[in-house]
Amino acid sequence: MNKEESKRVLIEELGIHFEGEYSLPPLAARIFANLVVIDEDGLTFEDCLIKRGASKSSISTSINLLLQREFISYF
């Protein structure tokens, strides 16, 4: 298993954990897991679109939920 594949598996496992632990919808849980795993200070909206492959409205709704629950901050 290469590094990118390992990262995808970890994001999925963390996403499942966050769904149960914090009652997050699947997409929001995966976006949050992605933020936990990356080596950067954050993700752009476009990064989320590319990495999750979901619609703009779904990504927007998930990000807004994470912002409202104070899991993430906007900068």
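For clarity, every value in this text was computed on a predicted model and none was experimentally measured. (Residues numbered from 1 in each chain as written. Predicted model: local features only at pLDDT ≥ 70, side-chain atom pairs only at ≥ 80, totals over all residues. Heavy atoms only, no water.)

Compared with an ideal rise of 1.5 Å per residue, which puts 13 residues at 18 Å, helix 4 (residues 56–68) spans 18 Å between its outermost C-alpha atoms and is within 8% of the ideal. Within helix 4, the full set of buried residues consists of I59, S62, I63, L65 and L66. The arc that holds the buried residues of helix 4, viewed along the axis, is 155°, so those residues lie on one side. What points out from helix 4, more than 90 degrees from its buried face, is the exposed set K56, T61 and Q68. With its phi angle positive at about 60°, E70 sits one or two positions after the end of helix 4. (Helix = DSSP H or I, 4+ residues; strand = E, 2+ residues; numbered from the N terminus. Expected span 1.5 Å × (residues − 1). Buried < 20%, exposed > 50% of the residue type's maximum accessible area, 1.4 Å probe, protein only. Arc of directions from axis to C-beta.)

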